[in-house]
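In case you want the letters, here they are:
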Amino acid sequence: QVQLIASGGGLVQPGDSLRLSCAASGLTFGNYAMAWFRQTPGKGREFVTGIKWNGGATYYADSVRGRFTISRDNAKNTVYLQMNGLKIEDTAVYYCGADRYGSGGASVSTYEYWGQGTQVTVSS
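So what exactly am I meant to see when it comes to the sheet that holds strand E1 (residues 3-7) here?
Sheet strands pair by backbone hydrogen bonding; their relative direction is either parallel or antiparallel. Strand order in this open sheet of four strands is E1-E3-E8-E7, and the pairing throughout is antiparallel. If you trace the sheet from one side to the other, it starts and ends with E1 and strand E7 (68-73), each paired once. Mean inter-strand twist for the sheet, computed between neighbouring axes without regard to direction, equals 15 degrees. Pairing of E1 with strand E3 (residues 18-25) involves five bridges; the strand directions are antiparallel. By the bridge assignment, Leu4 is partnered in E3 with Ala24.

Laid out in structure tokens, this is it:
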């Protein structure tokens, strides 16, 4: 069966960095766009960043552009989210999603598979 397992979250202070990982299995990883979304109790699920199935394009929410970087390693079936300069408002559960032959865009409904999420807490 398809599994997307997110990891790397934790408790950090403002200005710190974290790297999240999402390891995929049960699918042909190189054929899927991958993306990161985040969710808080008040906001619902919002787009953070995504990468096209062939790695040829990336997209970022305005709130994270310049601070976060998405990348993929097809040999490891893993997508990463490097988060620098973390802010309190980045606190959320972060989810990875997979979209077959997708562009890595912001539409929640286009992603076929989802990971379980990993908690990121930024607090002073």
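Sorry if this is basic, but what is going on with the state of the cysteines here?
Note: disulfide means a covalent bond formed between the sulfur atoms of two cysteine side chains. Evaluated as defined, the whole model comprises one disulfide. Put simply, Cys22 and Cys96 are joined by a disulfide, and their sulfur atoms are 1.9 Å apart. Here the S-S torsion is close to 55 degrees, and the disulfide linking Cys22 with Cys96 is therefore right-handed. One end of the pair, Cys22, is in strand E3; the other, Cys96, is in strand E9 (residues 92-100), with 74 residues separating them in the sequence. Judged on exposure class, the residue Cys22 and its partner Cys96 are both buried.

What counts and what doesn't
Residues numbered from 1 in each chain as written. Predicted model: local features only at pLDDT ≥ 70, side-chain atom pairs only at ≥ 80, totals over all residues. Heavy atoms only, no water. Pairing = 2+ DSSP bridges. Helix = DSSP H or I, 4+ residues; strand = E, 2+ residues; numbered from the N terminus. Axes fitted to C-alpha atoms, helices over the stretch in contact; angles between N-to-C directions. Disulfide = S-S within 2.5 Å. Buried < 20%, exposed > 50% of the residue type's maximum accessible area, 1.4 Å probe, protein only.

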